[in-house]
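Residues per chain are reported as follows:
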Amino acid sequence: DRQMKAMIFAAGLGTRLKPFTDFHPKALAEVCGRPMLGVVIERLKMAGISEIIVNVHHFADQIVDYLHRNNDFGVRLHISDETSELLDTGGGILAARRWLDGDEPFVVHNADILTDVDIAGMLSVARSTGAASTLLVASRVTKRYLLFDPVDNRLKGWVNIETGQYRPSGFRMSDKFRKLAFGGVHVISPSVFPSLAAYAATKSDSHAGAIPKFSITDFYIDNCSELPILGYQSPEPYRWHDIGKPESLEAAQNDFARYL
């Protein structure tokens, strides 16, 4: 019986969601009267996840209290404590390695992403391809796009269309690449941990053994020529909202009112 695991990023400061985040963590912002963190956990449970790691920093005690009040939602729950230093997404995953390492791919889900995408279906695809990482992507208007090969869905690079900046270094743009926006949900193979640790070592200017602060997206972009990092576009329509801003939180409320 597979032990399915997931990590939820709940440590962020949520500066775009002030004044709520002056007194609360963003992960406890409510949609239709329910804290986002609880909604994400229930979605993950529906996909067969039974062990969840939640990283905490901003008002960490409120998140821990919320989870305990709800009996950890009936899953094996671990708190990855980043109260002393916020590690960003890449550092956050590396800090939780002891729970996530193993033979099975794990889901990573931002606490501010409200979606009813079929996570179990995405996991199934990630398993069948054996990709290092599988990213939920969509055709959506944004300033920063991930660029994928249309034949094999493999990540090739990144562009900021506002500044004209391309990455990784030496990247050559081609009209054939598909510009897609990342949706804050990914499935990662534990096989990436050695590469992730090596990448972190190049970022670290702190004392030996300390995990530096770095973005998992930067890791993907800088390693996409060596690692098979694939884009996943759901075959079924789904709802998706980034609830990190007051106006997007309101849109999510309206869209999900009948479903939550």
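Okay, the packing of helix α1 (residues 36-46) against helix α2 (residues 60-69) next. Close contact between α1 and α2 brings their axes to 11 Å; oriented N to C, the two are set at 50°. Classified by the angle between their axes, α1 and α2 sit oblique to one another. Where α1 crosses over α2, the two elements pack in a sense that is right-handed. Taking contact as the criterion, the partners of L37, G38 and I41 in α1 are, on α2, I63, Y66 and L67. Grouping the constituent residues of the contact of α1 with α2 by class yields five nonpolar, one polar and no charged.

This paragraph deals with the pairing of strand β8 (residues 133-138). The buried fraction of β8 amounts to six of the six residues, a majority that puts the element mostly inside the structure. Burial of the side chains of β8 extends over both faces: S133, L135 and V137 are buried on one face and T134, L136 and A138 on the other. Bridging between β8 and strand β13 (residues 229-232) involves four bridges; their strand directions are parallel. In the strand pairing of β13, L136 is matched with Y232.

Moving on to the nonpolar core. As a rule of thumb, nonpolar side chains are buried together in soluble globular proteins. Core analysis: the largest hydrophobic core is formed by 44 residues, its most contacted members being L37 and V54. Counting only elements with at least two residues in this core, the list comes to β1 (5-9), α1, β4 (51-56), α2, β7 (113-115), α5 (119-129), β12 (178-188) and α8 (246-256). In terms of residues, this core owes the most to one element, α1, which gives six residues. Excluding its chain neighbours within four sequence positions, the residues that come into contact with L37 are I8, A27, L28, V54, I63, Y66 and L67. Counting 32 residues, the second-largest nonpolar core is a separate cluster that includes A132, V137, F148 and F193.

The rules behind each value
Residues numbered from 1 in each chain as written. Predicted model: local features only at pLDDT ≥ 70, side-chain atom pairs only at ≥ 80, totals over all residues. Heavy atoms only, no water. Axes fitted to C-alpha atoms, helices over the stretch in contact; angles between N-to-C directions. Helix = DSSP H or I, 4+ residues; strand = E, 2+ residues; numbered from the N terminus. Parallel < 35°, antiparallel > 145°, perpendicular 65-115°, else oblique. Left-handed = near helix turned anticlockwise from the far one by under 90°. Contact = heavy atoms within 4.5 Å. Nonpolar A, V, L, I, M, F, W, Y, C, P; charged D, E, K, R; others polar. Buried < 20%, exposed > 50% of the residue type's maximum accessible area, 1.4 Å probe, protein only. Pairing = 2+ DSSP bridges. Core = buried A, V, L, I, M, F, W, Y, C linked by side-chain atoms within 4.5 Å.

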